There are 2 protein chains.
Amino acid sequence: MNPDQYRVKPGKSVRLKDWHTDDDGGLSKDEGKDLTDELLEGLAEWQERLFAESKQSLLIVLQARDAGGKDGTVKHVLGALNPNGVRISNFKVPTDEERAHDFLWRVHAQAPRAGQVGVFNRSHYEDVLVTRVEGIIDNRSAKARLKHIGNFEALLTDSGTRILKFYLHVSPDEQRQRLQDRLTDPSKHWKFNPGDLEARAKWDAYTEAYESALGTSTAAAPWYVIPADRKWYRNLLITRIVLNTLKEMNPQYPHVSFDPLEVEIK
Amino acid sequence: MNPDQYRVKPGKSVRLKDWHTDDDGGLSKDEGKDLTDELLEGLAEWQERLFAESKQSLLIVLQARDAGGKDGTVKHVLGALNPNGVRISNFKVPTDEERAHDFLWRVHAQAPRAGQVGVFNRSHYEDVLVTRVEGIIDNRSAKARLKHIGNFEALLTDSGTRILKFYLHVSPDEQRQRLQDRLTDPSKHWKFNPGDLEARAKWDAYTEAYESALGTSTAAAPWYVIPADRKWYRNLLITRIVLNTLKEMNPQYPHVSFDPLEVEIK
């Protein structure tokens, strides 16, 4: 399992039908889960270093179609981190106040502070996805927004924030199954939104919009197209990529300005 | 182990020296940890119901002396919740902007939304603790602030927020040991703040300030004095109290406005 194969190379255009939704990395589910648990321990250690150092930050962007697995990723992968150093931001339909500003205004306010892991559960990319499919903005506007997004992400990366963007890639069949499960299990009814069926009916239009968004992959803020039909493999891959990235960032416990041996506690 | 024995009864004045720091509930450490793990599973289930219902919210206030175990509680107890429904707020020394407003301004902004568990790691109570001990405000101001705090908490509880306030009660010896550990272990040096020794030297003044603060215990927003010398017992007690409270709040999966059997997914 080489996570790099799922990274969108900068400047490459993406055709989602060429990307797998059901990879398993040659592992069984049990093997995958054990490996994930092991990697999550390492993840927690590196997060503590990031938090202690308090110089760099990590921003994780999660995008997916409905039932694509964003919430599950938050729960199973990011739930293993120390919540003191994590900030989850859920971007919903903009409020009147938010709509009265540029589309990045509310997003910028949620950028992670030094030492923090920020998680965007949906993100500024919604502003070139649903808006575009629904005809709220035209292609020219969408193109302009993608440029603004690139500039915004460059601002963050120039200020010590690493950005990882994950598109959780599920097949139409897998989405049908998951939506069906929400209808069958009474304790999941509340997760079902009839509006999801309208988005599902526009599958191809969303595919096109996602493909444009995935074109914003850069070396400093790459997109990954994560095969997400198998939840355990999705969790494993994301854990691995986040862990590798934290290791690359290589945060260090800070030097202290006093001599610990000289301190006397009365 | 009856958690109610650690609750401060409304209108009762508190003498901290009468409250234990080293209870173990008659359990061994291993028994306590196993029980906590079991309760945490129930906690996660009830949190999901709270989130699904999205009508009520829960606010958990953590206060303690340095090294009293606030961060450990966040990590080990609140870390077991689904992070999508949790918001941790760390209140540090106020910024210039924050100081230019009333002392509850920044706190109010962090109140949990419906469905959410909000955690205040330090809180508005700092404004009647460190400020009072350091003479930044006088006793009359402190008294006025305690009244404002009561009114503020009543506003939240009237709007569907349950409030639980935990004072993590450690002995001077236990604090010494924990501070010493931070000096001995290089990977913990960053947690040591020489200023903590100044606060430690003012132990009794802080005790008095805490005792006043604990006087704000009400039925709807009770204070608990948690024996916190044993980290595992602290975790167990808080888990139990939060779980009991969620069960009392009794959040329900919402009824949906469509007939799940009638929905057809194409």
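Along each chain, residues carry numbers from 1 onward, in the same order as the chain's sequence is written. Numbering of ligands from 1 and lettering of chains from A proceed in the order in which they are written. Thresholds applied to this predicted model are a pLDDT of at least 70 for local features of residues and 80 or more for the giving and counting of side-chain atom pairs; totals over whole chains, interfaces and linings are not thresholded and use all residues. The side-chain numbers reported here are obtained from all heavy atoms of the structure, hydrogens and water having been left aside.

## Quick notes on the overall build of chain A
Elements are defined by DSSP. Helices are runs of H or I of four residues or more, strands are runs of E of two residues or more, and each kind is numbered from the N terminus. Within chain A, the regular secondary structure consists of 10 helices and five strands. Put simply, the radius of gyration uses C-alpha atoms, and a globule should come to 2.2 Å times the residue count raised to 0.38. Its C-alpha atoms give chain A a radius of gyration of 20 Å, near enough to 18 Å, the size a compact globule of 266 residues would have. Projected onto the principal axes, the alpha-carbon positions of chain A cover approximately 70 × 45 × 40 Å. Taking all 266 residues of chain A together, 50% fall into the buried category. Throughout this description, buried means an accessible area under 20% of the type-specific maximum (1.4 Å probe, protein chains only), exposed means over 50%, and partly exposed covers the range between.

## Looking at the UniProt feature "domain: Polyphosphate kinase-2-related" (unreviewed entry) in chain A
UniProt positions are given in the numbering used here, feature names are shortened, and annotations may be inferred rather than shown by experiment. The sites that carry the UniProt feature "domain: Polyphosphate kinase-2-related" (unreviewed entry) are, in the present numbering, residues 27–252 of chain A. The annotated region residues 27–252 of chain A carries 51% helix and 14% strand content, and the separation between its end C-alpha atoms amounts to 33 Å.

## Brief notes about the pattern of salt bridges
Should the charged atoms of two oppositely charged side chains come close, the side chains can pair. Residues and elements named next belong to chain A. When a carboxyl oxygen of Asp or Glu is within 4 Å of a side-chain nitrogen of Lys or Arg, the pair counts as a salt bridge. According to the stated counting rule, one finds 22 salt bridges over all chains in the structure shown. Residue E174 pairs with R178 through a salt bridge whose shortest N-O separation is 2.7 Å. One end of the pair, E174, and the other, R178, are both in helix α7 (residues 172–184), four residues apart, so they sit about a helical turn from each other. A single network of salt bridges, built from pairs that share partners, joins D66, R122 and E126.

## Let's talk about the sheet that holds strand β1 (residues 57–64) of chain B
Backbone hydrogen bonds hold the strands of a sheet together, and the pairing may be parallel or antiparallel. Residues and elements named next belong to chain B. Strand pairing is assigned whenever DSSP identifies at least 2 bridges connecting the two strands. Taken in spatial order, the five strands make up an open sheet running β2-β3-β1-β4-β5, and their pairing is parallel. In this open sheet, the two edge strands, each paired with only one partner strand, are β2 (86–90) and β5 (223–227). Pairwise comparison of adjacent strand axes, ignoring direction, gives a mean angle of 20° for this sheet. Two strands pair when backbone bridges link them, and β1 and strand β4 (residues 161–169) are joined in this way by eight bridges, in the parallel orientation. Directly across from V61, in β4, lies its bridge partner K165. The contact criterion used throughout is that any non-hydrogen atoms of two residues lie within 4.5 Å. Each axis is a line fitted through C-alpha atoms, and for a helix only the stretch in contact is used; angles between axes span 0 to 180 degrees, taken between their N-to-C directions. Relative to the sheet, helix α9 (residues 203–214) contacts β1, β4 and β5, its axis offset from that of β5 by approximately 135°.

## Quick word on the side chain of R200 of chain A
With respect to the helices, strands and loops of the structure, R200 of chain A is situated in helix α8 (residues 195–201). In contact with R200 of chain A, not counting residues within four places along its chain, are P172, Q175, R176 and L179 of chain A together with I265 and K266 of chain B.

## Points about the interface of chain B and chain A
Counting from both sides, the interface comprises 34 residues of chain B and, opposite them, 34 residues of chain A. Of the roughly 3300 Å² buried between chain B and chain A, counting both surfaces, carbon and sulfur atoms make up 67%. Taken as a group, N84, W190 and I265 of chain B account for 23% of the area that chain B buries against chain A, more than any other trio of residues on that side. Definition of a polar contact: a pair of N or O atoms within 3.5 Å, with one able to donate and the other able to accept a hydrogen when the atoms are protein atoms, and with sequence-neighbouring residues admitted only if both atoms are side-chain atoms. Between chain B and chain A we count eight residue pairs in polar contact (both at pLDDT 80 or more) in total. At the level of secondary structure, the elements contributing two or more residues to the side of chain B that touches chain A comprise α1 (29–53), α2 (70–76), β2, α7 (172–184) and α8 (195–201) of chain B. If you tally residues by element for the side of chain B that touches chain A, the top one is α7 of chain B, at four residues. Of the residues that constitute the side of chain B that touches chain A, the class distribution is 19 nonpolar, eight polar and seven charged. By buried area we mean how much accessible surface two parts lose on assembly, using a 1.4 Å probe and totalling the loss over both. Classes in brief: Ala, Val, Leu, Ile, Met, Phe, Trp, Tyr, Cys and Pro nonpolar; Asp, Glu, Lys and Arg charged; the others, Gly included, polar.

## Some points on the environment of L243 of chain B
Residues and elements named next belong to chain B. Residue placement: L243 occurs in helix α10 (residues 231–249). Linking L243 and A201, residues 42 residues apart in sequence, is a C-alpha distance of 36 Å. Setting aside chain neighbours within four positions, we find L243 in contact with L39, G42, L43 and W46.

## Quick word on the packing of helix α1 (residues 29–53) of chain A against helix α10 (residues 231–249) of chain A
All names here are of chain A. At a closest axis distance of 9 Å, the pairing of α1 and α10 adopts a crossing angle of 30°. By the angle class used here, α1 and α10 are roughly parallel. Crossing handedness for the pair α1 and α10: left-handed. Residues K29, G32, K33, L35, T36, L39, L40, G42, L43, W46, Q47 and L50 of α1 form the contact with α10, whose participating residues are W232, N235, L236, T239, R240, V242, L243, L246, K247 and M249. Of the residues in the contact of α1 with α10, the class split is 12 nonpolar, six polar and four charged. For classification, angles of less than 35 degrees are called roughly parallel, those exceeding 145 degrees roughly antiparallel, those between 65 and 115 degrees roughly perpendicular, and all remaining angles oblique. With the far helix as reference, a near helix turned anticlockwise by less than a right angle produces a left-handed crossing, and one turned clockwise produces a right-handed crossing.

## Regarding the side chain of R178 of chain B
Residue and element names in this part refer to chain B. On the basis of relative accessible area, R178 is assigned to the buried category, the value being 8%. One polar contact links the side chain of R178 to the main-chain carbonyl oxygen of A228, over a distance of 2.8 Å. In this structure R178 touches A67, G68, G69, V170, A228, D229 and K231, once residues within four positions along its chain are discounted.

## Looking at the relation of the copies chain B and chain A
For the pair chain B and chain A, the superposition axis carries a translation of 0.0 Å, the fit reaches an RMSD of 0.0 Å, and the rotation angle comes to 180°. Here the two chains are linked by the operation of a two-fold rotation axis. Interface overlap between copies: 100% of the residues of chain B at the interface are likewise at the interface in chain A, consistent with a symmetric, same-surface contact. Only residues with pLDDT of at least 70 in both copies count here: their C-alpha atoms drive the least-squares fit that superposes the copies.

## Some words on the environment of P254 of chain B
Turning to its location among the elements, P254 of chain B is positioned in the segment after α10. In the structure, P254 of chain B is positioned 149 residues away from W105 of chain B in sequence and 33 Å away in space, judged by C-alpha atoms. Not counting chain neighbours up to four residues away, the residues in contact with P254 of chain B comprise W190 of chain A together with A52 and E53 of chain B.

## Some details on the sheet that holds strand β1 (residues 57–64) of chain A
Residue and element names in this part refer to chain A. On the basis of which strands lie adjacent, the open sheet formed by five strands has the order β2-β3-β1-β4-β5 and parallel pairing. The sheet is open, and its two borders are formed by β2 (86–90) and β5 (223–227), each paired with just one other strand. For this sheet the average axis-to-axis angle between neighbouring strands, irrespective of direction, equals 20°. Here β1 runs beside strand β3 (residues 117–121); their pairing, made up of five bridges, is parallel. Bridge pairing in β3 links L58 to V117. Those strands touched by helix α6 (residues 139–158) are β1 and β4 (161–169), and its axis lies near 135° from that of β4. Here α10 sits on the sheet and contacts β1, β4 and β5; the angle it forms with β4, its principal contact strand, is near 165°.

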